[in-house]
Amino acid sequence: MSSRARRIPAGRAGRLRLRRSLATALRGADLLERKLRLLLDREHTARRAAEDSDRVWHQRLAEAESWLVRGVLLGGESALAEAAPAGRARVDVRWGVLMGVRHPAAVTWTDPARSPGEQTPSNTALAHAETAYRAAARAAAELAAHQAAAELLAAEAARTRQRVRALRRHWIPRLHDELALAELALEETEHEEAVRRRWAAGHGGT
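The text that follows walks through the structure, step by step, so that each part is easy to find. (Residues numbered from 1 in each chain as written. Predicted model: local features only at pLDDT ≥ 70, side-chain atom pairs only at ≥ 80, totals over all residues. Heavy atoms only, no water.)

Description of the overall build of the chain
Within the chain one finds three helices and two strands. Along the chain, helices (α) and strands (β) appear in the sequence α-α-β-β-α when read from the amino end. For a compact globule of 206 residues, the expected C-alpha radius of gyration is about 17 Å, and the chain comes in at 34 Å, more than 25% above that figure. Structurally, the chain occupies a C-alpha span of about 125 × 25 × 25 Å along its principal axes. Going through the 206 residues of the chain one by one, you find that 28% of them count as buried. In the chain, the share of contacts with a sequence separation of at least 24, taken over all contacts with a separation of at least 6, comes to 79%. Carbon and sulfur atoms make up 55% of the accessible area of the chain, which amounts to about 13400 Å² in all. Charge centroids of the chain, computed over 35 positive and 26 negative side chains, lie 9 Å from each other. (Helix = DSSP H or I, 4+ residues; strand = E, 2+ residues; numbered from the N terminus. Rg over C-alpha atoms; globule rule 2.2 N^0.38 Å. Buried < 20%, exposed > 50% of the residue type's maximum accessible area, 1.4 Å probe, protein only. Contact = heavy atoms within 4.5 Å. Areas by Shrake-Rupley, 256 points an atom, 1.4 Å probe, with all protein chains shown as cover. Lys, Arg positive; Asp, Glu negative; His and termini not counted. Charge placed at Lys NZ, Arg CZ, Asp CG, Glu CD.)

The following block contains the structure:
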């Protein structure tokens, strides 16, 4: 008798356990595949958002550098240093959870505040440069959040895909085979019992 055959429970109780195990495995595979679809869909959304943020970042950065050159030519480097606010920008990341995966869901950007006593940009070019640099920094923060979300979702999707593959290619076929063997063994046992009953009935009547 093979090791697989020895693992198969005998009788109707064993067959019932195998049927329940197979139903559980099939249901688990279905749920994991649903999870995988949701993860891949959200990952796709995050990657598209990252592409948009990357495009905005490059555009605003190019604009900012162009305006900066003009501003420095007009006011000199001292005008640039004087126009920089002392405050710091603030980035807050809101986290979300999808199918157990914690990932960045949104970014809140707060521009650095300039106090009433601080100088404003001395020329229009520097003012435009400041606006463009802030937009570029905001886009960079959003890009980082979207990329992080996509990577976290992709990693969980890969793990989920492996679990689905293990169920569909190995565990479920194995349960199918064991159930088929259990069904066959039970059928043979019931047939032998029926033969014995008929034999006993025939000999009891003589």
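Examining the packing of aromatic side chains
To describe a pair of aromatic rings, one takes the distance between the centres and the angle between the planes. For the coordinates displayed, the defined rule picks out zero aromatic pairs. Sitting over the ring of W95, R102 keeps its end group 4.5 Å from the ring centre. (Phe/Tyr/Trp six-rings, centres within 6.5 Å; stacked < 30°, edge-to-face > 60°. Lys NZ or Arg CZ within 6 Å of the ring centre and 35° of its normal.)

A word on the pattern of salt bridges
The final tally for this structure, using the stated rule, is 16 salt bridges. With a closest N to O distance of 2.5 Å, R55 and D52 form a salt bridge. With R55 and D52 both in helix α2 (residues 11-83), this residue pair falls three residues apart, about one helical turn. Residue classification places R55 among the partly exposed positions, given a relative accessible area of 46%. A relative accessible area of 41% places D52 in the partly exposed class. A network of salt bridges, in which partner residues are shared, links D111, R114, E130, R134 and R138. (Salt bridge = Lys/Arg side-chain N within 4 Å of Asp/Glu carboxyl O.)

Examining the environment of E130
Among the secondary structure elements, E130 is positioned in helix α3 (residues 124-204). With 26 residues separating them along the chain, E130 and P104 place their C-alpha atoms 27 Å apart. When residues no more than four places from it in sequence are discounted, the contact partners of E130 are A83, P85, R114 and P121. Looking at E130, its side chain comes within polar contact range of the side chain of R114, at 2.7 Å. (Polar contact = N/O pair within 3.5 Å; in protein donor to acceptor, adjacent residues only side chain to side chain.)

Taken by themselves, the reported measurements are silent on function.
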